[in-house]
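Observations on the model geometry
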Amino acid sequence: MFFTRTPQYVIEIPTDYHDLDSVVTMSSSTFGETNIDLGVLRDAYRRNPYSHICLKDKSDTLYGFLDFFMLAPDTFDAFIAGATEEGLFTSKDILSYEDSAKEDRIYLGAIVAYNSESKSENGRSAQMMLYAFARLMLEKYGLAEGRTLQGYACGYSPEGVVLLERMGFTRLTDGADRRDKYPLYTKTLDKADAEKLKASCERFSQRNCTLILR
């Protein structure tokens, strides 16, 4: 006899606009003052609805999110140099989905998973969001057609650093001279990387999460 498991989580992309309030609440409790302003986040969503991944259960409760941004060239240069940080980004610093096609750099802002009843579920939540991210890069950002992006991310926590290193990111700086004081990591993202990430998370994610990508 075979039993099928009904997925208990949902990731819908684009996410509901009203999810951004819950994202900021969860993000603020994690990152404090370094968190991006809610108004800027709303503008970022309007400019590029394919920049937010929200993991929710069937009752619409947020259990995690992953966000990333394509930044204006001058802003990105300043961020890499450590002269600015996410909490200082303004709406003009965030590119639209259409303009993002012209850029070859991507800033991975955050991946946050929170389940107060099951800490082990947080790792599974991250896996499901990374699967959605890989699909998004292949299907909406052109990696399947040979596009290459240089990814950048900060190590905000020991768990975040472990995750970045497992994904093949390398450390550029330890953060001592950066405004945000966090170590900066980078990795070249291409079709092979996205396909590998997708394959590593696919079986578990498809069993536990319904992904709707429009």
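One can find the structure itself at the top, above this paragraph.
Residues numbered from 1 in each chain as written. Predicted model: local features only at pLDDT ≥ 70, side-chain atom pairs only at ≥ 80, totals over all residues. Heavy atoms only, no water.

**Some words on the side chain of Lys187**
Looking at where Lys187 falls in the secondary structure, it is placed in strand S7 (residues 184–189). Since its relative accessible area comes to 16%, Lys187 is described here as buried. Of the polar contacts made by the side chain of Lys187, one reaches the side chain of Asp193; its length is 3.1 Å. Excluding residues that lie within four positions of it along the chain, Lys187 makes contacts with Leu149, Gln150, Gly151, Met167, Gly168, Phe169 and Asp193. (Helix = DSSP H or I, 4+ residues; strand = E, 2+ residues; numbered from the N terminus. Buried < 20%, exposed > 50% of the residue type's maximum accessible area, 1.4 Å probe, protein only. Polar contact = N/O pair within 3.5 Å; in protein donor to acceptor, adjacent residues only side chain to side chain. Contact = heavy atoms within 4.5 Å.)

**As for the pairing of strand S3 (residues 62–69)**
Consecutive side chains along a regular strand alternate between the two faces of the sheet. In terms of burial, S3 is largely enclosed, as 7 of its 8 residues are buried. Once strand S2 (residues 52–57) ends, the chain turns through 4 residues before running back antiparallel as S3, passing Asp60 with a positive phi of about 75 degrees. Pairing geometry for S3 and strand S4 (residues 105–113), over 6 bridges, is antiparallel. From the neighbouring strand, Leu66 faces S4, where its bridge partner is Ile111. (Pairing = 2+ DSSP bridges.)

**Notes on the environment of Asp21**
Within the fold, Asp21 resides in helix H1 (residues 19–31). Judged by relative accessible area, Asp21 falls into the partly exposed class, the value being 34%. Residues Asp21 and Leu71 lie 50 residues apart in sequence; the distance between their C-alpha atoms is 22 Å. Each residue touching Asp21, except ones within four places of it in the same chain, is listed here: Leu38 and Arg42.

**Some thoughts on the environment of Ser157**
Within the element layout of this structure, Ser157 appears in the loop between strand S5 (149–154) and helix H6 (158–166). Taking C-alpha positions, Ser157 is 8.9 Å from Tyr182, a pair spaced 25 residues apart along the chain.

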